[in-house]
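Here is what each chain is made of, one letter per residue.
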Amino acid sequence: MGAPGSGKGTQASALAERYGIPAISTGDIFRANIKQGTELGQQVQAIIEAGEYVSDEITEAIVADRLGQDDCAHGFLLDGFPRTMSQVHFLDRYLQAESTGLDAVVSLQVNPDALVDRLLDRAQVEGRGDDTEDTIRRRMEVYAGQTAPLLYHYENQGILVEVDGTGTVEEVRQRMFAALDRQSVN
């Protein structure tokens, strides 16, 4: 977990590789549908361009479908999900029905102004039309209002692992691996 631009996708790939599990990015799934021009992609594009989150119903259906695939049988990493308490409750019910649970929830902590700079740089490099300064700031507001309460939920479950997300990719990765190693010992 982490605000837009915190490095979730970059670090998710490293975690998935380290543990030999698939990284499931709702953002990647949405972007693929947009690129392919699917009906879902058209719906999602309009929502993203407005700086809003895709509805829980659409996101939950996509995640459930993906978690049901064979490569998730021995574990998975979620990147960008859950983002709302509704999604948390959906995931809890889904995992309970599958007789499994979450091992850890990693939260990357980064200063909001640094995030805006990162996202503006990324917009230029990757050509992301959804990353204008106004849209970025709106996404930060949505994140703070809807997603931040999830951290409290996972902290109460004892599975929240907070990691300083500033510095080089490798520095953040090493802090994250060390924090997860400590978590698995506890």
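Residues numbered from 1 in each chain as written. Predicted model: local features only at pLDDT ≥ 70, side-chain atom pairs only at ≥ 80, totals over all residues. Heavy atoms only, no water.

Undergrad: Help me out: how do you make sense of the overall build of the protein in this one?
TA: Scanning the protein for helices and strands turns up eight helices and four strands. N-terminal to C-terminal, the α/β element order of the protein is α-β-α-α-α-β-α-β-α-α-β-α. Along the first, second and third principal axes, the C-alpha atoms of the protein reach 40 × 35 × 30 Å. Classification of the 186 residues of the protein by burial places 44% in the buried group. Across the protein, every contact between residues at least 6 apart in sequence was considered, and the portion connecting residues at least 24 apart equals 70%. Separation of charge centres in the protein, based on 16 positive and 30 negative side chains, amounts to 3 Å. (Helix = DSSP H or I, 4+ residues; strand = E, 2+ residues; numbered from the N terminus. Buried < 20%, exposed > 50% of the residue type's maximum accessible area, 1.4 Å probe, protein only. Contact = heavy atoms within 4.5 Å. Lys, Arg positive; Asp, Glu negative; His and termini not counted. Charge placed at Lys NZ, Arg CZ, Asp CG, Glu CD.)

Undergrad: How should the pairing of strand 3 (residues 105–109) be read in this particular structure?
TA: Where a strand is regular, its side chains alternate between the two sheet faces. Most of strand 3 sits inside the fold, with four of its five residues counted as buried. Both strand 3 and strand 4 (residues 160–164) contribute to a ladder of five bridges, which runs parallel. Considered in strand 4, the bridge of Gln 109 is made with Asp 164. (Pairing = 2+ DSSP bridges.)

Undergrad: When you look at helix 1 (residues 8–19) in this model, what are you seeing that I'm missing?
TA: Side chains of residues three or four places apart in an α-helix project in the same direction, reflecting 3.6 residues per turn. In this model helix 1 runs 16 Å from its N-terminal to its C-terminal C-alpha over 12 residues, within 8% of the 16 Å that 1.5 Å per residue would give. Immediately downstream of helix 1, the backbone of Gly 20 shows phi near 65°, a positive value. (Expected span 1.5 Å × (residues − 1).)

Undergrad: Got a minute to help me understand the environment of Arg 66 in this structure?
TA: Mapped onto the fold, Arg 66 is located in helix 4 (residues 56–67). Along the backbone, Arg 66 and Tyr 19 are 47 residues apart, and their C-alpha atoms lie at a distance of 18 Å. If near-sequence neighbours (up to four positions away) are discounted, Arg 66 is found in contact with Pro 22, Ile 24, Asp 71 and Cys 72.

Undergrad: Where do I start with the packing of aromatic side chains in this structure?
TA: Describing an aromatic ring pair means giving the distance of the ring centres and the angle of the ring planes. This model, assessed by the stated rule, comprises two aromatic pairs. Grouping aromatic residues by their ring pairs yields a cluster made of Phe 81, Phe 90 and Tyr 94. Over the ring of Phe 177 we find Arg 18, and its NZ or CZ is 4.3 Å from the ring centre. (Phe/Tyr/Trp six-rings, centres within 6.5 Å; stacked < 30°, edge-to-face > 60°. Lys NZ or Arg CZ within 6 Å of the ring centre and 35° of its normal.)

Undergrad: What should I look at first to understand the nonpolar core in this one?
TA: The tendency in soluble globular proteins is for nonpolar side chains to be buried side by side. Among the nonpolar cores identified, the biggest contains 28 residues, and Leu 67, Leu 78, Leu 91 and Tyr 154 are the most heavily contacted of them. Elements with a contribution of two residues or more to this core: helix 4, helix 5 (85–97), helix 6 (112–126) and helix 7 (133–156). Here the element with the most residues in this core is helix 7; it accounts for seven residues. Ignoring any residue separated from it by four or fewer positions in sequence, one finds Leu 78 in contact with Ile 24, Val 63, Leu 67 and Leu 91. (Core = buried A, V, L, I, M, F, W, Y, C linked by side-chain atoms within 4.5 Å.)

Undergrad: Sorry if this is basic, but what is going on with the pattern of salt bridges here?
TA: Any two side chains of opposite charge can pair, on the condition that their charged atoms come close. A full pass over the atoms with the stated rule returns seven salt bridges. Note that Arg 31 is salt-bridged to Asp 28, the shortest N-O span being 3.0 Å. Within this pair, Arg 31 and its partner Asp 28 are both found in helix 2 (residues 26–36), separated by three residues, close to a single helical turn. Relative accessible area serves as the criterion here: at 46%, Asp 28 is assigned to the partly exposed category. Notably, a salt bridge pairs Asp 71 with Arg 66, separated by 2.7 Å at the nearest N-O pair. When its relative accessible area of 41% is taken as the criterion, Asp 71 is described as partly exposed. Judged by relative accessible area, Arg 66 falls into the buried class, the value being 17%. By sharing partners, the salt bridges in this structure join Glu 52, Arg 138 and Glu 141 into a single network. (Salt bridge = Lys/Arg side-chain N within 4 Å of Asp/Glu carboxyl O.)

Undergrad: Please explain the packing of helix 2 against helix 4 as it appears in this structure.
TA: For any two helices packed against each other, the geometry comes down to the angle between their axes and how far apart the axes lie. Their axes nearest at 11 Å, the elements helix 2 and helix 4 cross at an angle of 100°. As judged from the angle between their axes, helix 2 and helix 4 are roughly perpendicular. Seen from helix 2, the contacting residues are Thr 26, Ile 29 and Phe 30; seen from helix 4, they are Ile 58, Thr 59, Ile 62 and Val 63. Grouping the amino acids of the contact of helix 2 with helix 4 by side-chain chemistry returns five nonpolar, two polar and no charged. (Axes fitted to C-alpha atoms, helices over the stretch in contact; angles between N-to-C directions. Parallel < 35°, antiparallel > 145°, perpendicular 65-115°, else oblique. Nonpolar A, V, L, I, M, F, W, Y, C, P; charged D, E, K, R; others polar.)

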